Each structure stands twice: as structure tokens, then as C-alpha cells.
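A structural walkthrough
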Amino acid sequence: MQASLLTTLLLPLALGVIMFGLGLGLTIDDFRRVARYPRAVLLGLLLQTGVLPWVALALALLFRLPPELAVGLMLLAASPGGATANIYSHLAHGDVALNITLTAINSVLCLVTLPVILNLSLEYFLGAGQYVPPPVRKIVEVAVIIVLPVAIGMAVRRFAPGFAMRMEKPVRLLSVLVLALLIVAAVAQAWSTLLAWFAVVGLACLLFNLASMGLGYAAPLALRLPRRQAVAIAMEIGIHNGTLAIFIALSVLGNAAMSVPAAVYSLLMFFTAAGFAWWSARGAADR
């Protein structure tokens with residue numbers, strides 16, 4: 001019951017409050033700037049849908065993962081970023097407007113790409129394809145958690161800019177506190193799962209996470225994109241929507257083993273993303 005309360009009510013509520021806070025710091029001009037410079041959006045989408053699945057496949061083969069765990073890793077790779085990526089990008093002084101734009105576009109694209117990648121993975125690793133319907137309901141939930149609170153926050157900033165400015169620091173502190181509480185709750189909730197499966201799939205998940213964030217940060221810098229956009233893309237493609245992957249594994253495929261990579265990855269990414277955010281924020285402060 002506690003686990004259900006955490007995932008179905010407390011987590012979405014906490015994320016919604018934080019996304020409202022992020023909206024307080026955004027304006028329409030932030031999104032217009034993203035539209036004027038589409039290279040960052042196109043690069044983020046290319047890395048997410050065209051590169052990461054191949055990285056996951058290479059790791060699954062390299063570590064000789066059991067077929068169901070290999071499919072689970074591919075499912076994770078096909079899942080888009082989520083609200084947590086936006087929060088970490090905010091803490092790391094990334095381009096949050098770019099994050100929100102990528103999350104929205106990726107979430108729509110995954111209605112097509114996720115079933116295709118997953119069905120190909122089922123065919124390759126298990127020798128039998130299985131129709132996987134687009135996860136429309138979960139995508140709508142992500143949209144509600146992200147878009148609606150951000151829009152409300154932006155409206156408050158538009159009509160009450162003084163209040164929005166006063167709330168910026170408290171919201172940043174609240175974000176850190178909520179993330180810390182979520183990490184503790186997630187580790188406590190899945191501790192037995194982590195211990196049982198880490199030796200089998202933990203290293204593959206960790207390397208996939210580090211490779212995702214590393215590619216997301218290095219590729220934009222190599223193309224001379226601004227550092228804030230590089231931070232945003234690294235967070236977006238490094239913090240996958242593990243909840244969506246777990247939901248599909250359990251509710252659509254009915255296979256608990258396939259949910260393990262997403263569960264392990266979701267715990268690891270809290271720590272790696274926190275470290276990256278601390279390093280990035282420190283670098284931004286030194287500039």
C-alpha cells in the first residue's frame with residue numbers, strides 16, 4: 001500500500017509542484033529561442049531514438065544478458081525522458097525550456113518508436129514478436145504532470161513577476177529536498193530487488209546510464225552548441241522514464257523480469273544525475 005501511495009499519488013504530486021516551480025522561471029521567449037535554433041532539438045531526438053537503442057543492444061550482447069533482461073534494457077532505451085530530467089536540468093543550470101520541448105516531442109514520438117524497438121527486441125532475443133500497443137495513457141499522464149504545472153507557473157510569472165522572482169530560490173531548495181526524499185523512498189522500496197539483480201544487470205545499467213549522459217553532453221559541445229543546451233540534452237537522454245518501462249513490462253508484457261533493468265537503472269540514475277548536476281552547477285557558478 002505504501003509503495004502504491006508513493007508511485008500513484010505522492011510522486012506525481014511532488015513532481016507537479018516542482019514543475020510548477022520550474023514554470024515560474026520560464027517565459028514564452030525561452031521556447032521561441034529553442035524554435036529558432038532547432039539543431040539542439042534535432043540532435044537530442046537523434047541521440048534518443050537513433051543512437052541509444054544501439055548502445056543498449058551492444059551492452060546487452062557484451063554482458064550476455066539473459067534474453068528477458070536484454071529486452072528490458074532495450075525497453076528502457078526506447079523510453080523517453082520524464083519530469084525528473086527537467087528537475088535535474090534545472091538544478092544543473094541547463095536549458096529547461098529545451099528539456100521540456102524534448103520531453104514533449106520524445107513522448108509523442110515514442111508512441112511509434114517504442115513499440116517498433118520493443119517488438120524487434122522481442123523477436124531478436126526471444127524469437128517471437130508480440131504486439132505492443134502505444135502507451136497512450138502513460139504518455140497523457142506524463143503530459144499532465146509536466147505541461148500543465150509548467151503552464152500554470154509561466155502564467156503566474158507573466159502576471160505576478162515579483163512573486164515568481166521571490167519563489168525562485170525556495171523552489172530550487174524544495175527541488176533538492178524532494179529529490180533526496182524520492183531517492184531514499186525508491187531505495188527503501190526496491191532494496192531487495194536491487195540486491196537480487198544488481199550482480200546480473202547492474203553494471204550494464206550503470207554503463208548505459210553513463211554512456212547516455214556522456215553522449216548527451218559531448219555531442220552538443222562537439223557541434224558547438226551552448227553548454228546549457230549540452231547539459232539539458234545530457235539530462236534528457238540520461239534520465240529515462242523508468243516508470244513507463246516498468247508499466248509496459250508488468251502491465252502490457254506481463255513479465256516481471258523485463259522490468260528489472262528499468263528498476264535498477266531508475267535507482268542508479270538518481271545518484272549519477274545528482275553528481276553530474278553538482279559538477280555542472282559548480283562549473284556554471286565558476287563562469
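As a starting point, this report considers the structure included with it. (Residues numbered from 1 in each chain as written. Predicted model: local features only at pLDDT ≥ 70, side-chain atom pairs only at ≥ 80, totals over all residues. Heavy atoms only, no water.)

**With respect to helix α11 (residues 242–252)**
Residues of α11 that are buried include every one of Gly 242, Leu 244, Ala 245, Ile 248 and Ala 249, and no others. For α11, the angular spread of buried residues about the axis comes to 170°, placing them on one side. Of the residues trailing α11, Gly 254 is marked for its positive phi of about 60°. (Buried < 20%, exposed > 50% of the residue type's maximum accessible area, 1.4 Å probe, protein only. Helix = DSSP H or I, 4+ residues; strand = E, 2+ residues; numbered from the N terminus. Arc of directions from axis to C-beta.)

**So, the packing of helix α3 (residues 39–62) against helix α4 (residues 67–78)**
Packing of α3 against α4 leaves a shortest axis separation of 9 Å and a crossing angle of 160°. In terms of their interaxial angle, α3 and α4 are classed as roughly antiparallel. α4 is crossed by α3, and the crossing has right-handed handedness. Residue-level contacts link Gln 48, Leu 52, Pro 53, Ala 56, Leu 57, Leu 59 and Ala 60 of α3 to Ala 70, Leu 73, Met 74 and Ala 77 of α4. Looking at side-chain class alone, the contact of α3 with α4 contains 10 nonpolar, one polar and no charged residues. (Axes fitted to C-alpha atoms, helices over the stretch in contact; angles between N-to-C directions. Parallel < 35°, antiparallel > 145°, perpendicular 65-115°, else oblique. Left-handed = near helix turned anticlockwise from the far one by under 90°. Contact = heavy atoms within 4.5 Å. Nonpolar A, V, L, I, M, F, W, Y, C, P; charged D, E, K, R; others polar.)

**So, the packing of aromatic side chains**
For the structure on display, the rule yields five aromatic pairs. Here the aromatic rings of Tyr 124 and Phe 125 are separated by 4.9 Å at their centres, their planes lie at 85°, and the arrangement is edge-to-face. Classification of Tyr 124 by relative accessible area gives exposed; the value is 54%. Geometrically, the ring pair formed by Tyr 217 and Phe 276 is edge-to-face, given 5.5 Å between the ring centres and 80° between the ring planes. (Phe/Tyr/Trp six-rings, centres within 6.5 Å; stacked < 30°, edge-to-face > 60°.)

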